[in-house]
Amino acid sequence: MKPAPFAYAKARSLDHAIELLGGHEGRARVLAGGQSLIATLNMRLDAPSLLVDINGIAGLDSITCHDRQVAIGALTRHAAAERSDVIAAQVPLMAKAMPHIGHPAIRNRGTIGGSIAFADPAAELPACLVALDGEVDIAGPNGRRTVKAGDFFKDLFETALGPQDVLTTIRVPAARPAQRVGFAEFSRRHGDYAMIGLAASVTADDSGLTDVRLAYFGVGATPVRARRAEAALAAGSMDDAVAALREDLAPADDIQATGAVKKHLAGVLLKRVAAELKDWPS
Ligand SMILES: Cc1cc2nc3c(=O)[nH]c(=O)nc-3n(C[C@H](O)[C@H](O)[C@H](O)COP(=O)(O)OP(=O)(O)OC[C@H]3O[C@@H](n4cnc5c(N)ncnc54)[C@H](O)[C@@H]3O)c2cc1C
């Protein structure tokens, strides 16, 4: 199918983008890498009247680390993040997740901001942002604001972004010496969206695990924290953690798997990921 007709405008600045987005009664959309947006237009799942191309806005594609915080510009391509020394050293969870996102051609164009803004429930980066307790900077008609990851993902493809907002930066704490991270997903073929996946971050020392954060994706409308399993891991019991997933997660049946299969896979993923977090007694 072809998309419904739309107008196109290239924003010169953030303020210009916000102004353009305000002129079409909520029917304007930000265009970043286009890897998800253009597909939804071609399938006529959306029919905006204007695309506001933000690719020409300077300064939105840097990756920096200051004061133990990593800031990733929204226009950073997946491929640039994949090759970034800062991400490799300071955000190892993202470094593990990046190769699972689509294929190289998609990662060459797709942006970090686009993945977070699109908020596909089966996408890797939203779950990483939640596992890392990151946050998102947003510029809109009423100025700038920062939203915690836990408050950003609202519902299915629904975020804290308003119709005139532009996501500018994602921020995550830089890696700590005692931090351990783990990532795993099941997909039918490498590069497909995941049937289910898990992004995890913990603090590990001689006394065990603290600050355990398990963010599952592909099991609900948004990334889902498995809070009972987190508590069980912190208490030192892998068996209890796997059992707790039955209460933590309520995945619906979908075209890939039944909810029951996904719950089973959640436990398998937890065991795989836990091996990256700590040496568990077998
Ligand atoms: C075949 C295929 C396989 C894929 N597999 C995966 C996968 O396994 N995992 C995965 O996570 N993704 C996958 N993707 C999606 C890919 O990662 C996209 O790049 C990403 O979801 C969107 O990024 P984008 O820059 O292309 O955004 P766009 O497509 O340009 O935009 C997506 C949405 O976000 C909005 N948006 C974009 N940037 C901003 C911003 N800065 N501020 C406000 N709103 C914004 C747009 O208005 C639009 O609604 C796949 C895509 C394809 C085509």
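Quick caveat: nothing in here was measured; it's all calculated off a predicted structure.

(A) Molecular detail of the site of the ligand. The environment of the ligand is formed by 30 residues, the closest being Val30, Gly34, Leu37, Thr111 and Glu124. His78 is positioned with one of its side-chain polar atoms (N or O) 3.3 Å from an oxygen atom of the ligand. When the free accessible area of the ligand is taken as 960 Å², the share hidden by the protein chains comes to 87%. When contributions to the shell around the ligand are tallied by element, the ones reaching two or more residues are strand E2 (28–31), helix H7 (112–118) and strand E10 (166–173).

(B) Region of interest: the packing of aromatic side chains. Taken as a whole, this structure holds 3 aromatic pairs when the rule is applied. Where Phe152 meets Phe153, the ring centres are 5.0 Å apart and the plane angle is 90 degrees; that geometry is what we call edge-to-face. Grouping residues by exposure puts Phe152 and Phe153 together as buried.

(C) Layout of helix H10 (residues 227–234). Among the residues of H10, Ala229, Glu230, Ala232 and Leu233 are the ones counted as buried. Around the axis of H10, the buried residues are gathered within 165 degrees of arc, so they sit on the same side. Looking at the buried residues of H10, the elements they touch are strand E13 (208–217), strand E14 (224–225), helix H11 (238–248) and helix H12 (259–277). Of the residues trailing H10, Gly236 is marked for its positive phi of about 95 degrees.

(D) Structural detail: the side chain of His16. Counting through the fold element by element, His16 comes out in helix H1 (residues 14–21). With a relative accessible area of 14%, His16 lands in the buried category. Among residues more than four places away in sequence, those in contact with His16 are Lys10 and Ala11.

Thresholds applied
- Residues numbered from 1 in each chain as written.
- Predicted model: local features only at pLDDT ≥ 70, side-chain atom pairs only at ≥ 80, totals over all residues.
- Heavy atoms only, no water.
- Near = heavy atom within 4 Å.
- Polar contact = N/O pair within 3.5 Å; in protein donor to acceptor, adjacent residues only side chain to side chain.
- Areas by Shrake-Rupley, 256 points an atom, 1.4 Å probe, with all protein chains shown as cover.
- Helix = DSSP H or I, 4+ residues; strand = E, 2+ residues; numbered from the N terminus.
- Phe/Tyr/Trp six-rings, centres within 6.5 Å; stacked < 30°, edge-to-face > 60°.
- Buried < 20%, exposed > 50% of the residue type's maximum accessible area, 1.4 Å probe, protein only.
- Arc of directions from axis to C-beta.
- Contact = heavy atoms within 4.5 Å.

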